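# Residue-level structural notes
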Amino acid sequence: MAGRVWLRGGRVLDPASGRDGRADVLIEDGCIVAVEDALAGVSDAEVVDAAGLWVAPGFVDLHAHLREPGQEYKEDIASGGRAAAAGGFTAVCCMANTNPVNDDPSVTDYILDRARKDSPVRVLPVAAATKGLAGEVMTEMSALVAAGAVAFSDDGKTIMDSGMQRRVLEYSRLVEKPVMVHAEDQTLVRDGVVNEGAVSTKLGLPGNPAVAEIVHVARDLLLAELTGAHLHVAHVSTAGAVAHVREARARGIHVTAEVSPHHLTLTDEATLGYDPNTKMAPPLRGKDDVAACIAGLADGSIDAIATDHAPHAVHEKEVEFTAAPPGVLGFETAFAVVLELVRRGQLTPLQLIGSLSWNAARVLGLAMGRLERGAAADVVLLDPTRRWVYDPAQGFSKSRNSPWAGRELEGRVLATWVGGRLVYQQGRGVLVP
Amino acid sequence: MMERGLLSIEDLDREDIELILDTAFHMKEVGRREVKKVPTLRGRTIINLFFESSTRTRTSFEIAGKRLSADVVNFSPSASSLTKRESILDTAKTLDAMDPDAVVIRHEVAGVPKQIADQLTAPVINAGDGAHEHPTQALLDLMTVVEEKGRIDGLTVTIIGDITHSRVARSNIYAFTKMGAEVRVAGPPTMLPAQVESLGVKAFRSLREALDGADVVMALRIQLERLTGSLFPSVREYSATFGLDRAKLRFAKDDAIVMHPGPVNRGVELSHDLANRRPSVILDQVRNGVALRMAVLYLLAGQKRGAEEER
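Residues numbered from 1 in each chain as written. Chains lettered and ligands numbered in written order. Predicted model: local features only at pLDDT ≥ 70, side-chain atom pairs only at ≥ 80, totals over all residues.

### As for the interface of chain A and chain B
Stated precisely, the cut-off is as follows: Whether two residues are in contact depends on their C-beta atoms, placed from the backbone: they are in contact if these lie within 7 Å. Strands here mean DSSP runs of E at least two residues long; helices mean DSSP runs of H or I at least four residues long; both are numbered from the N terminus. Under the grouping applied here, Gly and all other residues not named as nonpolar or charged are polar, the nonpolar ones being Ala, Val, Leu, Ile, Met, Phe, Trp, Tyr, Cys and Pro and the charged ones Asp, Glu, Lys and Arg.
Listed as interface residues are 17 residues of chain A and, on the opposing side, 23 residues of chain B. When residues of the side of chain A that touches chain B are assigned to their parent elements, the largest contribution, four residues, is made by helix 6 (residues 198-203) of chain A. Tallied by class, the residues present in the side of chain A that touches chain B amount to seven nonpolar, seven polar and three charged.

### Remarks on the sheet that holds strand 1 (residues 5-6) of chain B
By definition, the strands of a sheet pair up through backbone hydrogen bonds, in either a parallel or an antiparallel sense. All names here are of chain B. The cut-off we apply is this: DSSP calls a pair of strands paired once it identifies at least 2 bridges connecting them.
Sheet architecture is open: five strands sit in the order 1-5-4-2-3, paired in parallel fashion. Since the sheet does not close on itself, it has two edges, and those belong to strand 1 and strand 3 (71-75), each with one partner. By the bridge criterion, four bridges tie strand 4 (residues 102-107) to strand 5 (residues 124-129) in an arrangement that is parallel. Note on strand 5: the bridge partner recorded for Val-103 is Val-124.

### Regarding the domain arrangement of chain B
Residues and elements named next belong to chain B. Worth spelling out the cut-off: All the domain ranges listed were derived from an automatic or database domain assignment.
Along its sequence, chain B is carved into domain 1 (5-133 + 287-310) and domain 2 (135-281). The centre of domain 1, based on its C-alpha atoms, is set 26 Å off from the matching centre of domain 2. With 23 residues of domain 1 at the contact, the number on the domain 2 side is 20 residues. Its residues placed into classes, the side of domain 1 that touches domain 2 shows 10 nonpolar, seven polar and six charged.

### Let's talk about the packing of helix 1 (residues 14-31) of chain B against helix 12 (residues 282-301) of chain B
Residues and elements named next belong to chain B. To keep it simple, the criterion reads: Helix axes use the C-alpha atoms of the stretch in contact, all axes being lines fitted to C-alpha atoms, and the angles between their N-to-C directions lie in the range 0 to 180 degrees. Relative orientations are named as follows: roughly parallel for angles under 35 degrees, roughly antiparallel for angles over 145 degrees, roughly perpendicular for angles from 65 to 115 degrees, and oblique for any other angle. Should the near helix be turned anticlockwise from the far one by less than a right angle, the crossing is termed left-handed; should it be turned clockwise, right-handed.
Relative orientation of the contacting elements helix 1 and helix 12 amounts to 120°, with a least axis distance of 7 Å. When the interaxial angle is binned, helix 1 and helix 12 end up oblique. Helix-helix and strand crossings are classified by hand; for helix 1 and helix 12 the assignment is right-handed. Counting all contacts with helix 1, which are made through Ile-20, Thr-23, Ala-24, Met-27, Lys-28 and Gly-31, the residues of helix 12 involved are Asn-288, Val-290, Ala-291, Leu-292, Met-294, Ala-295, Val-296, Tyr-298 and Leu-299.

### Concerning the packing of helix 6 (residues 135-149) of chain B against helix 7 (residues 167-178) of chain B
All names here are of chain B. Contact geometry for helix 6 and helix 7: axes closest at 8 Å, N-to-C directions at 50°. Taken together, the axes of helix 6 and helix 7 lie oblique to each other. Where helix 6 crosses over helix 7, the two elements pack in a sense that is right-handed. Residues Pro-135, Gln-137, Ala-138, Leu-139, Asp-141 and Leu-142 of helix 6 touch helix 7, and the partners they reach there are Val-168, Ser-171, Asn-172 and Ala-175. When the residues that make up the contact of helix 6 with helix 7 are grouped by side-chain class, the tally is six nonpolar, three polar and one charged.

### As for the domain arrangement of chain A
All names here are of chain A. The domains assigned to chain A are domain 1 (4-55 + 375-430) and domain 2 (58-364). The centre of domain 1, based on its C-alpha atoms, is set 25 Å off from the matching centre of domain 2. Taken together, the elements giving at least two residues each to the side of domain 1 that touches domain 2 come down to strand 16 (379-389), strand 17 (408-418) and strand 18 (421-425). In terms of residue class, the side of domain 1 that touches domain 2 is made up of 18 nonpolar, seven polar and six charged.

What follows is the structure, encoded as structure tokens:
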């Protein structure tokens, strides 16, 4: 089943080694056995002609919601895993806001068990930082890490109690795992649903000010400095937060950060039609914020692009803007959407691939996202010029809540290998399990 | 612009507004007759779909429809999708299947009339959506000012109060600026929305400066429940700083008129005395509201199936 595959003549992009050029990649027994300018004399291999295509490490998503257990009508580990494979992801972190919450090793076990049976891609559980995401009692971090948790987060909820957040960060040093924060000061957000500014004023919808994120990021950076913990700022959306993270890195604070495809490419003006599929948390921001997020990614202040894949059922989104749950699908559109930054010259192809793979793996301290001899063959084949129209109804997610529905996108995932197994091929669909 | 309904003043251009106002002045004549009814919309069905309760606006639309001989049906599902577990779109589609000629919608959340209009075949008239727009209110205000001043062009209009949460303010800002007036807004800083100037107005914290040279002064209703949202410290302080009375009105032009969308909190945003008598024109606004809504219903529900009828 996992024989030899010879990816021949593609543009190989390996952010770990800095390789960007025409080369051959040979996969055997689930591992990468050779990456060379031109291989010769390979026998018994399935040859994939990659001329004109990109060969890259499989993408690693630091932030997704697979909704299982508990909300399988939105997504489950099988459907989410398939959507991830179709988007070129070979490993995805799943957030803890399931039902029950992933705040106990038994839930982590369940998720990993389902993943082994149902998911074509690797699933990396992020456990809750506090029990029930209630911000009151911290979770058993050692036991959760032993069960397979890769990080801790109360994502979606914010630990507003600064004293509690300090203890969570402090305690996380025991397990040396990142604490991922959804940084929004809820007393400033209040009932805000769109970015506060000209757009919220025009729409007459309650505004969520940029400062709600900035205040919280500033607080958590100070707490990270105090505790020496690894703080990971999820879905950065404001220029102010980018500036604080940049400054903190320069001071040696252990902080990493991610940004979502939507915060890199859409502004709050996308909400002008009241489409609940443009409602996210944090909300889409202004032009200057988007520019700052792109600049932060380019200069390394922000490590990774993470989708915040957040499926919601059609009936949940077809309601008043204020009543709709925040969040959009991300897996299947991520590569095409962010490739726009390369076309505009804002990121190099190697930077883009790095932010989708190797940088994300490094945030977690995992040996993934590399095209090195001996590494597990998590590989993706990409066509950077292929145009296609995204129709969520034809996709693999159970949900359809995407702001890119019906849009023509440029750049397509052609094939995804996980541990040397071809799990997705464009045109044929998801092939395993 | 009005083919698919009347969702906002922002969508209209000056010609649309002039057409509606001209039609409204003709309609006003009907209200002066002994028999206040014309057969214009006979056989047409208008649904008043009011998710948020409103006696005044709903009654005004109902009388407007009846004076045009339309069959008017009131439907007031009170709760939101969240509590009721029925989607607003399901409710609207159900009513649409009964083939109304127009649906008048009010909802407490901005954008709902547009979301519904995108799914319906019948034209939708926005009767107020959250803090977004209240287009017929702005149009009846224009009508009232035209009657009083003979024009809109070149006038200075000052709107006072909680601009952030006011659909009346937004619609009037668009309406008066499109018709050539200068619009100012005034209120406590906590009640002026972010980047309010982007709407095309000048913003003032000083009532005195905002009133200087004003031809039209519009006081907005203060919602007392906003006290808990920490937008203002007390009714006493609000009425002392931004409540309008005859003494403060002296800063405006001598012939300035005072407007209010109703219902008035007497002694809060408007003194009792000013609410009762000129230069306030509050009851003229109400009277014009019926004529204006007749015009809108005539233009939307009256023309939609014209081709069908001729067959």
